[in-house]
Amino acid sequence: MTTAHHPGPDTPPLIPLHCLRHVEPGPPRQAALPTGTAVWLVTRHADVRQVLADPRLNRASLYAADAPRLMVTPNILDDPASLLNSDGPEHQRIRRTVQRAFTPRAIERWRPWVSSVVDELVADLVAAGPPVDAVAALTRQLPVAVISRLMALEGLDHERLAHWSDHALSATAYSAEEIAGAMREFGAFGHQLVVERRKNPGDDLVSSLVQAADQTGGVTEEQLTSLVCGLVVAGHETTMTTLGNALVYLLDEDRAAWRRIGADPEAASAATEQLLREIPLGDREVLPGLLRRAVEDVEIGGVLIPAGAVVAADAVSANHDPLVYPEGTPDLFAPLGTPSLTFGAGPHHCLGAWLARMELELGLHKLARRLPGLRLALPVEEIEWRQGLLTRSPQRLEVSW
Amino acid sequence: MTAAGPGAGGEVRVEVDRIRCVGTGLCAATAPDALELGADGRARALRAIAADSEELTEAAEMCPVEAISVRSAATGEQVAPRW
């Protein structure tokens, strides 16, 4: 189990993610990962964007034989077979295969279905309360329901999925052996799914991936399995985290915005973009940014980063760069202009960005429309947090109306 | 031969919204004759007017932020991405 943080007399309460202070954007500076490995911390919007898009910095070299230690206990992000950790033409070929299922238009086809799932969850939540735990009733359920349907995983034990997912993105919650064991089991599950859908293809995402990969050729069975497992985890952990933390922000700080999100679907769409920009997914002490390694000397923001150096691209700071976005409390309904770096940039830009946006937008809009007077049932200082993972979000979120 | 229609062979105007572009390079990998990733990590059309092709349609539809538009040079009608 992840270690839930219970605030008590001896432990100061953790502050909500939207209250975390970001590093002031400035030139690249030296910092260290929790392993002690030296990194160049890059914080300005233009510089973060460059780090993520410049082919002289990549992911594969982070796992070369001479690479320094990145994680205290490696997790799914450290799998060398993954799409995330491949680069160049090889990566582009696989990415194009997968991308077809995630274009804005492909995702839009799922809207009526996602919408009906949200309606059901919101109706059940209303019937069960008040008070209700919004995590158990909505934020944990919605992304799992959506990815299960997309990948035709109906009947999958949700607790087993949560177990794999917690291990997959563990920072300190589990030992290396526990993570490796869970990932072996998860990998076996993923591979079985690939084999099964190759034999009996359906209209789900796994079947179309297997077909596309087999037609294109050159995608190894290991890469395909890693892709399927990656989609299962990426498809729900980050969305659950963002939705939970967005509820904390809106219900604690901006209940006028909450009512407007419920009244107007377009306002919900604009607010989703701003909330994605504004609220970090996790604590910077755990992971200061998206990691890359320089394969040759490269100048970033006027600083020479030598070949072999590790770079942390801090999208949280970049999302608050005063050269790009207005300072102070965000206007949730203002158009964003320049895209935020929450979904990254460059070849590894988040595959599921449109699916995540749709789930957040519909989840927030429909809950706020049904319950415009929704509020936190407990003070924000008493929130229990999921800890020891790369992401941080409420373990439970008691709400009332 | 009509100008519009994916891969119909007419002439099209290719535009990249360089503010939206997040530099995945998927378009340049898909339609290397029409699009490239610039040194600044943003895509650009090699020529404003190009021959329409299936690759170009695919490049515009594949863009994860819909930064690419392909329009008929003659009529201005959007050829890709199509909704």
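Here we summarise the structure given alongside this text. (Residues numbered from 1 in each chain as written. Chains lettered and ligands numbered in written order. Predicted model: local features only at pLDDT ≥ 70, side-chain atom pairs only at ≥ 80, totals over all residues. Heavy atoms only, no water.)

**Notes on helix α8 (residues 176–199) of chain A**
Thinking step 1. A rise of 1.5 Å per residue sets the reference length of α8(A), with its 24 residues, at 34 Å; its end C-alpha atoms lie 34 Å apart and thus fit the reference within 8%.
Thinking step 2. Buried residues in α8(A) make contact with α7 (158–168), α9 (205–216) and α10 (221–234) of chain A. (Helix = DSSP H or I, 4+ residues; strand = E, 2+ residues; numbered from the N terminus. Expected span 1.5 Å × (residues − 1). Contact = heavy atoms within 4.5 Å.)

**Some details on the sheet that holds strand β10 (residues 375–376) of chain A**
Residue and element names in this part refer to chain A.
Thinking step 1. Across the sheet, 3 strands lie side by side as β5-β12-β10; this open sheet has antiparallel pairing. Edge positions in the open sheet fall to β5 (132–133) and β10, since each of these has one partner strand only.
Thinking step 2. As defined by bridge partners, β10 adjoins strand β12 (residues 398–400) across 2 bridges and the pair is classed as antiparallel. Looking at the pairing, L376 lines up with V399 of β12. (Pairing = 2+ DSSP bridges.)

**Remarks on the layout of surface pockets**
Which parts of space are left empty comes out when a probe the size of a water molecule is rolled across the atoms.
Thinking step 1. Approximately 560 Å³ is the volume found for the second largest pocket.
Thinking step 2. Every residue lining the second largest pocket is counted, 26 residues in all, and those nearest its centre are S269(A), E273(A), W354(A), R357(A) and R20(B).
Thinking step 3. Counting residues per element, the ones that place at least two in the lining of the second largest pocket are α3 (104–108), α13 (265–278) and α15 (353–370) of chain A.
Thinking step 4. A class-by-class count of the residues in the lining of the second largest pocket yields 13 nonpolar, 6 polar and 7 charged. (1 Å grid on protein atoms, 1.4 Å probe; cavity = no way out; pocket = protein on both sides within 12 Å on 5 of 7 lines; lining within 4 Å. Points joined across faces, edges and corners; volume = space filled by probe spheres on them. Nonpolar A, V, L, I, M, F, W, Y, C, P; charged D, E, K, R; others polar.)

**Regarding the packing of aromatic side chains**
Residues and elements named next belong to chain A.
Thinking step 1. All told, the structure shown has 4 aromatic pairs over all chains when counted by the stated rule.
Thinking step 2. Measuring from ring centre to ring centre gives 5.0 Å for W164 and F189, while their planes differ by 40°; the resulting arrangement is tilted. Taken together, the positions of W164 in helix α7 and F189 in helix α8 put the pair 25 residues apart, joining distant regions of the chain. As far as the burial class goes, W164 and F189 line up, both buried.
Thinking step 3. Taken together, a centroid distance of 6.4 Å and an interplanar angle of 20° make the contact between F186 and F189 stacked. Taken together, the residues span about one helical turn, with F186 and F189 both in helix α8 at a distance of 3 residues. Each member of the pair, F186 together with F189, is buried.
Thinking step 4. What links up through ring pairs into an aromatic cluster is the set W164, F186 and F189. (Phe/Tyr/Trp six-rings, centres within 6.5 Å; stacked < 30°, edge-to-face > 60°. Buried < 20%, exposed > 50% of the residue type's maximum accessible area, 1.4 Å probe, protein only.)

**Quick notes on unusual backbone geometry**
Residue and element names in this part refer to chain A.
Thinking step 1. Between G129 and P130 the backbone carries a cis peptide bond, its omega angle lying at -5°.
Thinking step 2. Counting through the fold element by element, P130 comes out in the loop between α4 (111–128) and β5.
Thinking step 3. Here the bond from P130 into P131 is cis, since omega is -5°, no more than 30 degrees from zero.
Thinking step 4. One non-glycine residue, A152, adopts positive backbone phi at about 55°.

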